[in-house]
Amino acid sequence: MADTALTAPPRSPLSQAAGRLAAATRASGGAVRLAELRFLAQINVRLDAKGAAADAVGLALDLQLPLEPNTVVHGGELTALWLGPDEWLLVGRPGAQRELESRIREAAGDEPVSVTDVSAQRTTLLVTGSRARDLLAHGCALDLHPRAFGAGRCAQTTLARTQVVLVARDEPRAGFWVLVRSSFAGYLTDWLLDAATEYV
């Protein structure tokens, strides 16, 4: 019987674009920084926000799931994004998927909960720099002014006609995460690189 185990290391959807992203960052002189955050764990969780499972899962993860629409909560190396009244996306360090899934299922016990590893579905682009908001505003219909979409906010939206989850990071000068489906990551990267030429 043939050995079907994977022997090749995982390859990110944007592995071929790393050099171009770095070159655009250098050319902008700090106005825009573009990079891929590879292989982040991403777990989709659905449960009753008012049920016992929500509190138990929050305790197990050492963070409370955000209840305010389009907000983000951090706890250690874990970030929880509100996607809907009963839906969240947990983003963690690479390789943490199984541990997170196990902790959530164990904490929920017999309560109804849906836990899905979607790590391979998307990759994450980091967009930072003094002109990051301007760059994203070229292709996003959201009002990205800090008063409307400040730190700790997230939204399911479109960027350059591509569906994304956009996250305004909390840390000073941390910019944005753009979570995009792997199949559209190359297109969106090309669009960002083209739009970034304005700042070179």
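Up top is the structure.
What you see is a predicted model, and the numbers here were worked out from it, not measured in a lab.

Draft legend 1. Layout of the environment of A60. Following the sequence through the fold, A60 ends up in helix α2 (residues 52-61). Take A60: its relative accessible area is 28%, and that puts it in the partly exposed class. For A60 and V118, which are 58 residues apart along the polypeptide, the C-alpha to C-alpha distance reads 20 Å. With near-sequence residues (within four places) excluded, A60 lies in contact with R103 and A107.

Draft legend 2. Seen up close, the pattern of salt bridges. Going through the model one piece at a time under the given rule, you end up with 9 salt bridges. As a salt-bridge pair, R46 and E87 come within 3.8 Å of each other at their nearest N and O atoms. Taken together, the residues span a long stretch of sequence, with R46 in strand β2 (residues 41-47) and E87 in strand β5 (residues 87-92) at a distance of 41 residues. Its relative accessible area of 37% is what places R46 among the partly exposed residues. With its nearest N and O atoms 3.2 Å apart, the salt bridge here joins E77 to R93. In this pair, E77 is assigned in the loop between β3 (72-75) and β4 (78-84) and R93 in the loop between β5 and α3 (97-108), connecting sequence segments 16 residues apart. In this structure R93 comes out as partly exposed when scored by relative accessible area, which is 36%.

Draft legend 3. Just the packing of aromatic side chains, in detail. This structure, assessed with the given rule, holds 0 aromatic pairs. A cation over a ring is seen here: R169 above W177, with NZ or CZ 4.1 Å from the ring centre.

Draft legend 4. Quick look at the sheet that holds strand β7 (residues 122-128). If you walk across this open sheet you meet the 5 strands as β1-β7-β10-β9-β8, and the pairing is antiparallel. Looking at which strands have only one partner, the edges of the open sheet turn out to be β1 (33-37) and β8 (154-159). Adjacent strand axes in the sheet meet at a mean angle of 30° when their direction is disregarded. When β8 meets strand β9 (residues 162-168), the two strands line up antiparallel, connected through 6 bridges. In the strand pairing of β9, C154 is matched with V167. Seen against the sheet, helix α1 (residues 18-27) touches β1 and β7 and runs at an angle of roughly 155° to β1.

Draft legend 5. Summary view of the side chain of S119. Within the fold, S119 resides in the loop between β6 (113-117) and β7. A distance of 2.9 Å separates a polar atom in the side chain of S119 from the backbone nitrogen of Q42. In this structure the side chain of S119 is engaged in a polar contact, spanning 2.6 Å, whose partner is the side chain of D117. With near-sequence residues (within four places) excluded, S119 lies in contact with L40, A41, Q42 and Q97.

What counts, and at which threshold
Residues numbered from 1 in each chain as written. Predicted model: local features only at pLDDT ≥ 70, side-chain atom pairs only at ≥ 80, totals over all residues. Heavy atoms only, no water. Helix = DSSP H or I, 4+ residues; strand = E, 2+ residues; numbered from the N terminus. Buried < 20%, exposed > 50% of the residue type's maximum accessible area, 1.4 Å probe, protein only. Contact = heavy atoms within 4.5 Å. Salt bridge = Lys/Arg side-chain N within 4 Å of Asp/Glu carboxyl O. Phe/Tyr/Trp six-rings, centres within 6.5 Å; stacked < 30°, edge-to-face > 60°. Lys NZ or Arg CZ within 6 Å of the ring centre and 35° of its normal. Pairing = 2+ DSSP bridges. Axes fitted to C-alpha atoms, helices over the stretch in contact; angles between N-to-C directions. Polar contact = N/O pair within 3.5 Å; in protein donor to acceptor, adjacent residues only side chain to side chain.

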